[in-house]
Amino acid sequence: MLVLTIAPVTMNAGVLSIPRDLWVPMADYDEHARINQAHFLGEVYGYPGGGPALAAKTVQYNLGVPIHYYARVNFTAFEELVDAIGGVTICLDEEIDDPTYPDEAYGYDPLYIPAGCNEFDGEMTLKYARTRHSAGGDFDRAKRQQQVLRAVFDKVTQAEMLPELASNSSEMWETLQGAILTDLKLDEVVALAQLASEIDPDHIRYGVIDENYTLFWTTPDGQQ
């Protein structure tokens, strides 16, 4: 779960990662749960706008940040979007060795990525963004996901790919229907992408709600 913001007047932007296990009060409901439960509860309770709406409202309720739009992206869309730009370059300071990376059948698909710069397609980028097999657990994973976002941003801006992507946006939009759920219209997505491409990368701030801002805690019923 990430909050993204763009200030069109000052041309600054920000990305904030929220750990899925952050224990918070749910918006509009008298109960506490992991913040990633908000989407589930919104679907189960028939909340107006469904899971995405309750997730957005819960983020806004707890952080005091107005959420104007949402986008829910599944694994298929993630891989296809990365492949559509020809993959990304990811540089690692340390190797990743995850023998328990999950496969599609409730088993394991061991993952190994050497240190250094690597060229990833959509499938490998997803694996890199999902693995938690490092000392920082979910906090490290959040930072890797932000690294992926920066790699995508660098690819589409430095390679001057946005005009081509924009010209194919209708076709991509049609292809990804069902894999992406958002209350943004296509023309709004294209406009936001164009605006983002004009922001100096040095004017984008990245943050994670990590161990500096949280306490490890176990609920009375054993949830960590």
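Everything that follows concerns the structure shown earlier in this document.
Procedures and definitions
Residues numbered from 1 in each chain as written. Predicted model: local features only at pLDDT ≥ 70, side-chain atom pairs only at ≥ 80, totals over all residues. Heavy atoms only, no water. Helix = DSSP H or I, 4+ residues; strand = E, 2+ residues; numbered from the N terminus. Rg over C-alpha atoms; globule rule 2.2 N^0.38 Å. Areas by Shrake-Rupley, 256 points an atom, 1.4 Å probe, with all protein chains shown as cover. Lys, Arg positive; Asp, Glu negative; His and termini not counted. Charge placed at Lys NZ, Arg CZ, Asp CG, Glu CD. Pairing = 2+ DSSP bridges. Axes fitted to C-alpha atoms, helices over the stretch in contact; angles between N-to-C directions. Contact = heavy atoms within 4.5 Å. Buried < 20%, exposed > 50% of the residue type's maximum accessible area, 1.4 Å probe, protein only. Salt bridge = Lys/Arg side-chain N within 4 Å of Asp/Glu carboxyl O. Polar contact = N/O pair within 3.5 Å; in protein donor to acceptor, adjacent residues only side chain to side chain. Core = buried A, V, L, I, M, F, W, Y, C linked by side-chain atoms within 4.5 Å. Expected span 1.5 Å × (residues − 1). Nonpolar A, V, L, I, M, F, W, Y, C, P; charged D, E, K, R; others polar. Disulfide = S-S within 2.5 Å.

Visitor: Now, about the overall build of the protein chain: what can you tell me, with residues and values included?
Guide: Check the secondary structure of the protein chain and you find eight helices and 11 strands. On C-alpha atoms alone, the protein chain measures out to a radius of gyration of 18 Å, which is about the 17 Å that the 2.2 N^0.38 rule sets for 224 residues. Dimensions along the principal axes, computed over C-alpha positions, put the protein chain at roughly 50 × 40 × 35 Å. When the accessible surface of the protein chain is summed, it comes to about 13,600 Å², and 53% of that surface belongs to carbon and sulfur atoms. Mean positive and mean negative side-chain charge positions of the protein chain (14 and 35 charges, respectively) differ by 5 Å.

Visitor: So what's going on with the sheet that holds strand β11 (residues 204-208)? Residues and values would help.
Guide: The sheet built from three strands is open, its strands ordered β1-β2-β11 with mixed pairing. Among the strands making up the open sheet, the edge pair consists of β1 (2-7) and β11. Between one strand axis and the next, the sheet turns by 10° as a mean value, whatever way the strands run. Here β1 pairs with strand β2 (residues 12-17) via six bridges, running antiparallel. Each bridged residue has a counterpart across the sheet, and for I6 the counterpart in β2 is A13. Packing of helix α5 (residues 137-158) onto the sheet brings it into contact with β1, β2 and β11, and relative to β11 it is tilted by some 160°.

Visitor: Tell me about the side chain of R144, and name the residues and values.
Guide: Assignment of secondary structure puts R144 in helix α5. One buried charged residue, R144, remains without a salt bridge, the closest side chain of opposite sign being D140 at 4.8 Å. Of note is the side chain of R144, whose polar atom sits 3.4 Å from the backbone oxygen of Y128. Reaching out from R144, the side chain makes a polar contact with the backbone oxygen of T131 at a distance of 2.5 Å.

Visitor: Now, about the nonpolar core: what can you tell me, with residues and values included?
Guide: With 17 residues, the main nonpolar core has I85, V88, I90, L92, I113, F120 and Y128 as its most contacted residues. For this core, the secondary structure elements donating two or more residues are β6 (88-92), β8 (111-113), α4 (122-130) and α5. Aside from chain neighbours lying at most four places away, what touches Y128 is I90, L92, I96, I113, F120, R144, Q147 and V148. Membership of the second largest hydrophobic core comes to 16 residues, among which are M26, A27, A33 and L41.

Visitor: How would you explain α5 if you had to name every residue and give the values?
Guide: Its 22 residues place the ends of α5 31 Å apart at the C-alpha level, agreeing with the 32 Å of an ideal helix rising 1.5 Å per residue. Listed in full, the buried residues belonging to α5 are G137, D138, F139, R141, A142, R144, Q146, Q147, V148, A151, F153 and V156. One or two positions beyond α5, positive phi appears at E160, with a value near 55°.

Visitor: Report on the packing of α4 against α5, specifying residues and quantitative values.
Guide: The geometry of α4 relative to α5 is characterised by a closest axis approach of 7 Å and an angle of 145° between their N-to-C directions. For the pair α4 and α5, contact is made by T125, Y128, A129 and R130 and by R141, R144, Q145, Q147 and V148, respectively. The residue makeup of the contact of α4 with α5, split by class, is three nonpolar, three polar and three charged.

Visitor: Could you give an account of the state of the cysteines, naming the residues involved and the relevant values?
Guide: Applying the stated criterion across every chain, the model contains one disulfide. Note on cysteine connectivity: C91 is disulfide-linked to C117, with sulfurs 2.0 Å apart. Residues C91 and C117 are joined through a disulfide that is right-handed, its torsion about the S-S bond being 100°. With C91 in strand β6 and C117 in strand β9 (residues 116-120), this pair connects stretches of sequence that are 26 residues apart. Using a relative accessible area of 57% as the deciding quantity, one classes C117 as exposed.

Visitor: Describe helix α3 (residues 75-84), listing the residues and the values that go with them.
Guide: Measuring from the side-chain oxygen of the N-cap residue of α3 to the backbone nitrogen of T76 gives 3.1 Å; that N-cap residue is N74. With its phi angle positive at about 80°, G86 sits one or two positions after the end of α3.

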